[in-house]
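Descriptive structure summary
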Amino acid sequence: MKVQLFRFFLFFVSVGFFLLGQPTANAAELTISCGSNGLERQICQSGIDAWSKKTGVPVKVFSSPNDSNDRLALYQQLLGAKSADIDIYQIDVVWPGILAKHLLDFETQVSAKEVSEHIKGAIANNRVDKRLVALPWFTDGGVLYYRADLLKKYGLSVPSTWEEMGSVAKVIMDKERASGATDTWGYVYQGRAYEGLTCNALEWVASFGGGSVVEPDGKVSINNPKALKAIDLIASWTGSIVPPGTLSYSEEEARGAFQTGKAVFMRNWPYAWALLNSEGSTVKGKVGMAPLPSGEKKGPRAATLGGWSLAVSAYSKAPKEAVDLVRYLTSAEEQKRRAIEGSFNPTRFALYDNKEVLAKNPLFKDLKAVFLNAVPRPAGKTGAKYNRVSADFWNAVHQALSGTEKAGPSLKRLEEKLTSYSNGGNW
Amino acid sequence: MKWVGKIAFYFLVTLIVFYAVFPFYWAVVTSLKNGADLFKVEWIPTSPTLVNYRSILTTDSFLQSVLNSVLVAGATSLFALLIAILSSYSLSRVRFRGRSLVLLTILSVSMFPQIAVLSGMFELIRWLGLYNTLSGLTFCYMALVLPFTVWVMRGFMKSIPKELEEAAILDGCGPTRIVFQVFFPLMKPALATTGLLAFIAAWNEFLFALTFTLSSDKRTVPVAIAMLSGGSQFELPWGNIMAASVIVTLPLIGLVLIFQKHIVSGLTSGAVKG
Amino acid sequence: MEATASVPVFPIDRPASAFKRWQQWLLYSRVFWAWVFLAPTLITLVLVAGRPLLGTFYLSFTDAELLTLDDSVTWVGFKNYAAILSDPDWWVALRNTLVFSFLSVVLETLLGLGIALVLNEEFRGRSFLRAAVLVPWAIPTVISAKMWTWMYNDMYGVINAGFMALGLTSEPVAWLSSPSTAMFALVMVDVWKTTPFMALLILAGLQLIPKDVYEAAKLDSGSPFRIFFKITLPLIQPTIAIAVIFRALDALRVFDLFYVLIGSKVDTGTVTIYARQRLMEFQEFGVGSAASVLIFLFIGSFTLLYLWAVRPQRDEA
């Protein structure tokens, strides 16, 4: 008898808890995922508020995790379940191929003129099977940071090829160490085994004319002498001008090493500029930014294309309003505001000549060329298999960099692996 | 001679405390730094600042996430303890066919990597309408916490002498009374220990908390911290993250200090003879 | 000493047949209530874990991809399993997992035992030590992992600074970059984080030993080592066994630690990283599910082996 009562008690407690936890139903409104907390979200919020006021449609902001892998996993979970919880997704430049099936086509919603105002590479990146699945929002590209004060001190100029950079770095590093700064190194980059390494390695390979791992026609091109030359060169630096710890660095660790004055050169994204020149930075005012070096003299300079776009879920309950919001957020006015207030690199190339934008971001003059010619990763062609391609690529490169395996056999094995699941180049 | 032993003992204690606490001390030190100082190694911060704490405490819904974590972890450990003490009685004091199989089945739930159940659970939660609710999260945490609570409690129950139970049976106690009036008081240290471990397991859990919640007012602490970002996608606001960790660890330490007495109250000999 | 209560047999003043009937009823009643008490646990687990796990079993025999789960899922038999078992990366991950788990669990058990013994003594500052020891366990894993990444950094990490200051090393070591030091570094972080779990469980086991047992032993032999090995250890052996099982289960499924400190690198990966990569990053749900099932089988056989090995010390039905 007592047990019966006891059980009923338990039951009611659970039901009560259950009911307390029910979410309240919401009236029709949009939900957008545009960044985690912090500056990104703030600026997104102010843009959305302006649109909301204009159209009268309420918008909720969903904050997503900072780490892009966590974000992708979450998006996949929601889209795979055909959820209508989020209408607009901010997607990374390598995700269109993976998520294309679940996103609306903008081709019919946006005029050709509007499309042509964006950077070609960014638009091409978002086209999957002739469908434009996302509108570019802001872009990014790898750049070379250098210690202008040290170059001046030793009378050296900014290097234009990788080999040049290697020798300049060695000279300065040795001289600095000789004069007491024993923890100085030549070059730091993102060498950890993750997507960032793919970005770095693509820059090396492409700048030597070695292709982009998988060509736009689907062919696996990584196993060629130029790519080999590139990777061998960078790998030879590990331990000599590149600290071995670099093999576990991502963006912030590299910035930390450079910002405390321990490296002469660094490869990173433009975001680091403001931080390097902030209060308390050891290298404040001593840093310069330049396009990454090329392989041969007068050869192509490659920067990996980064950035984010906005896409609308195919399961959205309010697609018309969602598309309208996306077009507003990617409009010239809004991108200009974001460039001025938050230094987000616009995807509309006209803005790089805009006086107000340049006044706040003088570096945009130099960055324009970088972004216009940025090299995209093979995400478009490899589609849903991109993550696998990238993982195999970064693993092969990491083995070569750490000296575990020579680059030659490593690249050969990589080629075999990629070809085996490339479905004959059709991916 | 005796004091040599005493000194060695206290030295050992100090070493243990250092190893356990130093990273936390480091977290506190880091949370008091800002900007470029974060990249410098300083044993005591040269210019401490509370700006990180201010920033965290004014971030919307951070304090809410602490409350959510407390609710979810509390409910998880409470329900788990309740259910587990019943089950562990069955599994330790009663002989029946299939007992080993049941034990192994319960254990086998803990043999799968968490991601294996993620998709299936996601579907289940949505189907039950518990998506984006704290109760949904609590429900899922049962799968994580029940196996070890049941096994641990069972282990402790086994060591209680059978004479106590036999006396209770003769007195006419039904099984519920045996569990709650005879065993329960004797198991207090085990309950406090297991409850604390279950609480912390639920507190630390990230994957389910991230996947099964949508709005920021339903987030728990590990997820809220994963949301912290700086001026761009790449920047990691390290000072803020450390400040958040400190804020989040303090209630747990408080909890431990409160429940300490129960964790280490010993079983006196009187219980057996009485 | 048998733990399960037997039905009382001593004489009472009742007719023999009635007593026998009462014994029978008691037996059945106890078994009945045993199942009733088990019901909440079993129902919860079946609901929460059962269905998803069955789903995983099913998917492991298909070529499902996350984003096409509803449309085209075809049965491929054991193809996924064959693919994984012939993948050298899988075996590297398995080896890493085993090495890591063995090192961690052994170190944690020894250290946890030591800490529990210390905490079992009465001394000043005991409460402080108790709280201090629990701190590593209380910090969320994703945060402490990132924290240790920074502490291990070769340029501005405090560990290198400390080692150099103490004269243990002459130049900074890139702990996380080379496979040899990386495993050691990871084990130390895991030991730091989960020793409290072991210590707490073992302490609870120690607390269950009645004080008069110690009194008697002290009068007999006196030497603390003998007391420990002959009396304490056998008594807490079951507690240690359970703690080791669960600790091993967690160690064999380790993910966060490796993911945050090292990343998805092939030669230092674990089996769970392998599975997650297939599931989440490559969206290959069929292969990922197969990997999960393989992990389950691997862990399951290990557990059965272990349980069988410690069997003689436990009395089982």
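1. Quick notes on the pattern of salt bridges
Tallying each qualifying case throughout the model produces 38 salt bridges over all chains. Between Arg30 of chain C and Glu165 of chain B there is a salt bridge; the shortest N-O distance is 3.1 Å. Residue Arg30 of chain C is located in helix H1 (residues 16-59), and its partner Glu165 of chain B is located in helix H7 (residues 162-170); the two belong to separate chains. Note on Arg30 of chain C: relative accessible area 10%, which makes it buried.

2. Brief notes about the packing of helix H3 (residues 88-120) of chain C against helix H9 (residues 224-252) of chain C
All names here are of chain C. Two elements in contact, H3 and H9, have axes whose closest approach is 10 Å; the angle formed by their N-to-C orientations is 140°. With respect to H9, the axis of H3 lies oblique. Our pair here, H3 against H9, has a crossing hand that is right-handed. Within the contact between the two elements, H3 uses Thr97, Leu98, Phe100, Ser101, Val105, Glu108, Thr109, Leu113 and Leu117 and H9 uses Phe228, Ile236, Ile240, Val244, Arg247, Ala248, Ala251 and Leu252.

3. Details of the nonpolar core
If you look at the biggest cluster of nonpolar residues, it comprises 353 residues, and the most contacted ones within it are Trp162, Tyr187, Trp204, Ile222 and Phe265 of chain A together with Leu261 of chain C. With 17 residues, helix H7 (residues 179-207) of chain C is the largest single contributor of residues to this core.

4. Focus on the interface of chain C and chain B
On the side of chain B, 103 residues touch chain C, which itself brings 105 residues to the contact. Taken together, both faces of the contact between chain C and chain B bury some 9,600 Å²; the carbon and sulfur share is 77%. Counting across the interface, chain C meets chain B through 2 salt bridges. In this structure, the connection of chain C to chain B is made through 13 residue pairs in polar contact (both at pLDDT 80 or more).

5. Looking at the interface of chain A and chain B
Every contact between the two is made by 41 residues of chain A and, on the other side, 38 residues of chain B. Regarding the contact of chain A and chain B, the summed buried area is about 3,700 Å², with carbon and sulfur atoms giving 62% of it. In this assembly, chain A and chain B are joined by 1 salt bridge. With a shortest N-O distance of 3.2 Å, Arg126 of chain B and Asp85 of chain A are connected by a salt bridge. Elements with a contribution of two residues or more to the side of chain A that touches chain B: helix H1 (2-20), helix H2 (39-55), helix H3 (68-80) and helix H11 (251-259) of chain A. A total of 6 residues in the side of chain A that touches chain B trace back to one element, the largest contributor, which is H1 of chain A.

6. Side note on the confidence of the model for chain B
Residue and element names in this part refer to chain B. A residue-level look at chain B finds 94% of positions with pLDDT of 70 or above and a mean pLDDT of 84. The spread of mean pLDDT over the elements of chain B runs between helix H13 (residues 270-273), the lowest at 34, and helix H3 (residues 62-93), the highest at 92. In this model, residues 266-274 is a region of pLDDT below 50 whose contacts with residues beyond four sequence positions or in other chains number 11 contacts.

7. Remarks on unusual backbone geometry
All names here are of chain A. We note that Lys130 has phi near 65°; this positive angle belongs to a residue other than glycine. With respect to the helices, strands and loops of the structure, Lys130 is situated in the loop between strand E4 (127-128) and strand E5 (131-132). One non-glycine residue, Ser343, adopts positive backbone phi at about 60°. Its location among the elements puts Ser343 in the loop between helix H14 (332-342) and helix H15 (355-360). Here Ser343 falls in the partly exposed class, since its relative accessible area comes to 39%.

8. Topic: helix H19 (residues 407-420) of chain A
Residues and elements named next belong to chain A. Taking 1.5 Å of rise per residue, 14 residues should cover 20 Å, and H19 covers 20 Å from first to last C-alpha, within 8% of that figure. Buried residues of H19: Ala407, Ser410, Leu411, Leu414 and Leu418, and no others. Buried residues of H19 fall within an arc of 95° about the axis and therefore sit on the same side. Tucked into the core, H19 has its buried residues touching helix H10 (225-237) and helix H18 (386-401).

9. What about the side chain of Asn361 of chain A?
Structurally, Asn361 of chain A is set in the loop between H15 and helix H16 (364-372). For Asn361 of chain A, the contacting residues outside a window of four places in its chain are Ala339, Ile340 and Ser343 of chain A.

Procedures and definitions
Numbering of residues starts from 1 in each chain and follows the order in which that chain's sequence is written. In the order they appear in the text, chains get letters beginning with A and ligands get numbers beginning with 1. For a predicted model such as this one, the threshold for reporting local features is a pLDDT of at least 70, and the threshold for listing and counting side-chain atom pairs is 80 or more; totals across whole chains, interfaces and linings nevertheless cover every residue. Calculation of side-chain values draws on the structure's entire complement of heavy atoms; hydrogens and water are dropped beforehand. The salt bridge criterion pairs a side-chain nitrogen of Lys or Arg with a carboxyl oxygen of Asp or Glu, the two atoms within 4 Å. Helix numbers and strand numbers start at the N terminus; a helix is a DSSP run of H or I with at least 4 residues, a strand a run of E with at least 2. The rule is simple: take the accessible area with a 1.4 Å probe, protein chains only, and divide by the maximum for that residue type; under 20% is buried, over 50% is exposed, in between is partly exposed. Only C-alpha atoms enter the line fits that serve as axes; for helices the fit covers just the stretch in contact. Angles between N-to-C directions range over 0 to 180 degrees. An angle counts as roughly parallel when it lies under 35 degrees, as roughly antiparallel when it exceeds 145, as roughly perpendicular when it falls between 65 and 115, and as oblique in every other case. A crossing counts as left-handed when the near helix is turned anticlockwise from the far one by less than a right angle, and as right-handed when that turn is clockwise. Only heavy atoms enter the contact rule, under which two residues are in contact if any of them lie within 4.5 Å. Nonpolar core, defined: a set of buried Ala, Val, Leu, Ile, Met, Phe, Trp, Tyr and Cys residues in which side-chain atoms within 4.5 Å join the residues together. As a working definition, buried area equals the accessible area (1.4 Å probe) given up by two parts on being put together, with both sides summed. Nitrogen and oxygen atoms within 3.5 Å of one another constitute a polar contact, given that in protein one can donate a hydrogen and the other can accept it, and given that sequence-neighbouring residues count only through two side-chain atoms. On a scale of 0 to 100, pLDDT captures the predictor's confidence in every residue. Helix span, as expected, comes to 1.5 Å for every residue beyond the first. The directions from the helix axis to the C-beta atoms form the arc being described.

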